[in-house]
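Structural overview
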Amino acid sequence: MTEPIVLGIESSCDETGVGIVRGTDLLAHAVASSVEEHVRFGGVVPEVASRAHLEAMVPTLEQAYAQAGIDVRDVDAIAVTCGPGLSGALLVGVAAAKALAIAHDKPLYGVNHLAAHVAVDQLEHGRLDRRVAALLVSGGHTEILLVDDIASDITMLGTTIDDAAGEAFDKVARLLGLPYPGGPHIDRVAQEGDGTAIRFPRGLTAAKDADRYRYDFSFSGLKSAVSRHVQHEQRMGRDIDVADVAASFQDAVVDVLTRKTVQACRDHDVDTLVVGGGVAANGRLRQMVLERASVAGIEVRIPKPGLCTDNGAMVAALGAEVVSRGIAPSSLDLPVDSSLPVTRVVA
């Protein structure tokens, strides 16, 4: 089987996603988001997300079947995110996938959410048939990965030791009075600001961090620096220049992300970089990573924004790779694992 048709189900956080692919061809891409239900809480509430997945799962499946012009009986396998993510949310997707697999006698593959963020790029830019690096930036994850084989061989080079980049965007947006989720709003407001107006710290970039934290990130101190700046301006009776603060904060995040990622590519002799995750939609990140990678002679592959955020197409894309390699399916007692390491592509 060289071009399997795979149904992918994603429910790790606040998006219910269902995708269908044939090899690297996208046949269906349906997403139901519960983000509006979390706005008043200023962040994702696991119990709310889980209930939203229960309500959205069947309609989203039906929407994907309609887009593809097929139904579950026509697919060769079912792939589902089994980790990492919110346990309750993951359980909804895994339970749905198990039910479909049992009812229609289809092989089941529990796959890694982070690896899927890399695999989805193949739906837009073709197969990853060589060693690549990947920068994953989202609300819950900030990692630099070395990908020798998307279906079986991924190494974690660096990660965040505290807040993920997306979490930092949300927290700073709250400090500036901007709505949740913070990323898109900071990106929008920052376009009117000066990214050099305030010199915010760049975490783990000092010479003393070069060995232990060479590819790791820390955004907690940056968030605290923004908070102190806002409090100082308020004590002095001055209005907060939201645009300048947003732009300066955003530049600090993007500077560290791109600097460390390009360094990782150079250190490991990699000439192709994949960028994924919800924060990959950030305009300043896209601009800076393209500029710095070009200077270093590195090709950058960034999927369109709709494929960067959590979705079922990425799960199906990874599932298709796994199936085509003849990797054994997961068992029907497949558990969820909220902290599934990226080195385990298939559970």
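Residues numbered from 1 in each chain as written. Predicted model: local features only at pLDDT ≥ 70, side-chain atom pairs only at ≥ 80, totals over all residues. Heavy atoms only, no water.

1. As for empty space enclosed by the protein
Rules: For each structure, a 1 Å grid was placed over the protein atoms alone; sets of points admitting a 1.4 Å probe that cannot get out are labelled cavities, open sets with protein on both sides within 12 Å along at least five of seven lines are labelled pockets, and lining residues have an atom within 4 Å of a point. Grid points are joined across faces, edges and corners, and a volume is the space filled by probe spheres set on the points. Residues are grouped as follows: Ala, Val, Leu, Ile, Met, Phe, Trp, Tyr, Cys and Pro are nonpolar; Asp, Glu, Lys and Arg are charged; all remaining types, including Gly, are polar.
Following the criterion strictly, the structure yields one cavity of 30 Å³ or more and no others. Of the volumes computed, that of the largest cavity is approximately 40 Å³. Along its surface, the largest cavity is lined by ten residues, and Gly-23, Thr-24, Arg-127, Ala-320 and Glu-321 are the ones closest to its centre. Split into classes, the residues belonging to the lining of the largest cavity amount to three nonpolar, five polar and two charged.

2. Here's the deal with the side chain of Glu-15
So the rule is basically this: Helix and strand definitions follow DSSP, with helices as H or I runs of at least four residues and strands as E runs of at least two, each counted in order from the N terminus. Only protein chains enter the calculation, and the probe is 1.4 Å; a residue is then buried if its accessible area is under 20% of its type maximum, exposed if over 50%, and partly exposed in between. Charge counting treats Lys and Arg as positive and Asp and Glu as negative, with His and both chain ends excluded. By definition, a salt bridge exists where a carboxyl oxygen of Asp or Glu is found within 4 Å of a side-chain nitrogen of Lys or Arg. Within 3.5 Å is the distance limit for a polar contact, defined as a pair of N or O atoms, with the added protein rule that one can donate a hydrogen and the other accept it, and that residues adjacent in sequence qualify only through two side-chain atoms. Pairs of residues are marked as contacts when any of their non-hydrogen atoms sit within 4.5 Å.
Along the chain, Glu-15 turns up in strand β2 (residues 15-22). The buried charged residue Glu-15 lacks any salt bridge, with Arg-286 as its nearest oppositely charged partner at 15 Å. Of note is the side chain of Glu-15, whose polar atom sits 3.3 Å from the side chain of Ser-33. In contact with Glu-15, not counting residues within four places along its chain, are Glu-10, Val-31, Ala-32, Ser-33, His-53 and Asp-310.

3. A look at the pairing of strand β5 (residues 108-112)
On a regular strand, one side chain projects to one face of the sheet and the next to the other, so that they alternate. The test is simple: By this definition, two strands are paired if DSSP reports at least two bridges between them. The handedness of a crossover follows from its direction of travel: if, with the strands pointing away from the viewer, the path from the first strand over the helix to the second runs clockwise, the crossover is right-handed.
Burial analysis of β5 places five of its five residues in the buried class, which makes it a mostly covered element. Across the two faces of β5 the burial is the same, with Leu-108, Gly-110 and Asn-112 and Tyr-109 and Val-111 all buried. In this sheet, β5 lies alongside strand β4 (residues 77-83) in parallel orientation, the contact comprising five bridges. For Ala-79, the partnering residue across the bridge sits in β5 and is Tyr-109. One crossover worth recording links β4 to the parallel β5 by way of helix α3 (residues 87-104), and it is right-handed.

4. Some remarks on unusual backbone geometry
At the junction of Gly-83 and Pro-84, the peptide bond is cis and its omega measures out at -10° in the coordinates. Relative to the helices and strands, Pro-84 resides in the loop between β4 and α3. Along the chain, Tyr-180 connects to Pro-181 via a cis peptide bond; the corresponding omega equals -5°. If you trace the backbone, Pro-181 turns up in the loop between α6 (165-175) and α7 (182-190). Positive phi outside glycine occurs at Leu-204, with the angle close to 60°. Relative to the helices and strands, Leu-204 is located in the loop between α7 and α8 (220-235).

Geometry only, nothing functional implied.
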